[in-house]
Amino acid sequence: MPKAPPLLDPFKKPASEPNPPTSALLVYNPAGGKKRAAKLADTIVLPLLKQAGIAVTVETTKHAGHGVELGRTLDLSSVDALLVMGGDGTLGEVLDGFLSRDDGAAARTTVGFIPAGTGNSYMREVLGVPASGAAVGAAVHAAVEAIVGGRSRAVDCQQLDMTGLDVKPLRR
């Protein structure tokens, strides 16, 4: 088995003091992880969040690019956390929209990621957590437990503006 990559500096620092959310909005891609995401939401994620007393509102993505729209337009004024469940594509889309908001939500809302995609390279390569194949269920459970425990850390984000292969502007 190949050695896990070293963690980036922000992930070596201890998490914040616990500040568990009392309310959350969960966005997920029901087709994510070869259509396992909906089952994982129903059998692991929602029961654990509700057991912890977290009021959860659920939104599912309906088509490619919908995560960007949701991240940009969802009303986050009454929630403590925006939870994104899916793979790297779902996370990227929702963050694209979320970080382009001009209502201050990005500064006051904690974002949590629950890995339920096919490859989950963000979890594996950035956080050093195996989250594919048989490890998905355990990774989902661990992510929800971290969210319920209220541990978070500030993470830098960047925006890339480039030209796509179709010669149109592309932002990631």
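Note that the structure is predicted; figures quoted are calculated from it, not measured.

*Asks:* What is the right way to read the packing of helix H2 (residues 37–51) against helix H7 (residues 136–149) from this model?
*Replies:* Helix-helix packing is characterised by the crossing angle of the two axes and by the distance between the axes. For the pair H2 and H7, interaxial distance at closest approach is 9 Å and the crossing angle is 20 degrees. In terms of orientation, H2 and H7 fall into the roughly parallel class. The two elements H2 and H7 cross, and the hand of that crossing is right-handed. Facing H2, whose interface residues are Leu40, Ile44, Val45, Leu48 and Leu49, H7 presents Val136, Gly137, Val140, His141, Val144, Glu145, Ile147 and Val148. Across the contact of H2 with H7, the residue classes tally to 10 nonpolar, two polar and one charged.

*Asks:* What am I meant to see in the packing of helix H3 (residues 66–73) against helix H4 (residues 88–99) here?
*Replies:* Between H3 and H4, the shortest axis-to-axis distance is 6 Å and the interhelical angle comes to 35 degrees. The way H3 lies across H4 gives a crossing that is right-handed. Every residue of H4 that contacts H3 at His66, Gly67, Val68, Gly71 and Arg72 is listed here: Glu93, Val94, Asp96, Gly97 and Phe98. Per-class residue counts for the contact of H3 with H4 are three nonpolar, four polar and three charged.

*Asks:* Just to check I follow, could you spell out the pattern of salt bridges for this structure?
*Replies:* A side chain with one charge may pair with a side chain of the opposite charge, provided their charged atoms come close. All chains considered together, the criterion is met by one salt bridge. A salt bridge links aspartate 103 to arginine 101, with the nearest nitrogen and oxygen atoms 2.7 Å apart.

*Asks:* In this structure, what is going on with the side chain of arginine 101? I would like to understand it.
*Replies:* Counting through the fold element by element, arginine 101 comes out in the loop between H4 and helix H5 (105–108). Relative accessible area serves as the criterion here: at 13%, arginine 101 is assigned to the buried category. Here the side chain of arginine 101 touches glycine 71 through a polar contact of 3.0 Å, landing on its backbone oxygen.

*Asks:* Where do I start with H7 in this structure?
*Replies:* Count 3.6 residues to each turn of an α-helix, and residues three or four apart come out pointing the same way. In this model, H7 (14 residues) spans 20 Å end to end at C-alpha, consistent with the 20 Å of a helix rising 1.5 Å per residue. The complete set of buried residues in H7 reads Val136, Ala139, Val140, Ala143, Val144 and Ile147. All buried residues of H7 fall inside an arc of 130 degrees around its axis, so they share one side. Looking at the buried positions of H7, the neighbouring elements they touch are H2, strand S3 (81–86) and strand S4 (110–115).

*Asks:* Sorry, what's going on with the sheet that holds strand S2 (residues 55–60) here?
*Replies:* Paired through backbone hydrogen bonds, the strands of a sheet run either parallel or antiparallel to each other. Taken together, four strands build an open sheet; the order of strands is S2-S1-S3-S4 and the sheet is parallel. Each edge of the open sheet carries a strand with a single partner, namely S2 and S4. Between one strand axis and the next, the sheet turns through 20 degrees on average, direction left out of account. The pairing of strand S1 (residues 23–28) with S3 spans five bridges and is classified as parallel. Among the inter-strand pairings, leucine 25 is bridged to a residue of S3, identified as leucine 82.

*Asks:* It is not clear to me how unusual backbone geometry should be interpreted in this structure. Could you clarify?
*Replies:* What is expected of a backbone is that most residues other than glycine have negative phi and most peptide bonds are trans. Backbone geometry places valine 167, a non-glycine residue, at a positive phi of 70 degrees. Along the chain, the position of valine 167 falls in the loop between strand S5 (161–163) and strand S6 (169–171).

*Asks:* It is not clear to me how H2 should be interpreted in this structure. Could you clarify?
*Replies:* End to end, H2 covers 20 Å across 15 residues, agreeing with the expected 21 Å (1.5 Å per residue, within 8%). Of all bends in H2, the biggest is about 35 degrees, found at valine 45, and the proline proline 47 comes one to four residues later. Listed in full, the buried residues belonging to H2 are Ala37, Leu40, Ala41, Ile44, Val45, Leu46, Leu48 and Leu49.

What counts as what
Residues numbered from 1 in each chain as written. Predicted model: local features only at pLDDT ≥ 70, side-chain atom pairs only at ≥ 80, totals over all residues. Heavy atoms only, no water. Axes fitted to C-alpha atoms, helices over the stretch in contact; angles between N-to-C directions. Helix = DSSP H or I, 4+ residues; strand = E, 2+ residues; numbered from the N terminus. Parallel < 35°, antiparallel > 145°, perpendicular 65-115°, else oblique. Left-handed = near helix turned anticlockwise from the far one by under 90°. Contact = heavy atoms within 4.5 Å. Nonpolar A, V, L, I, M, F, W, Y, C, P; charged D, E, K, R; others polar. Salt bridge = Lys/Arg side-chain N within 4 Å of Asp/Glu carboxyl O. Buried < 20%, exposed > 50% of the residue type's maximum accessible area, 1.4 Å probe, protein only. Polar contact = N/O pair within 3.5 Å; in protein donor to acceptor, adjacent residues only side chain to side chain. Expected span 1.5 Å × (residues − 1). Arc of directions from axis to C-beta. Pairing = 2+ DSSP bridges. Bend = angle between axes of the 7 residues up to and from the residue.

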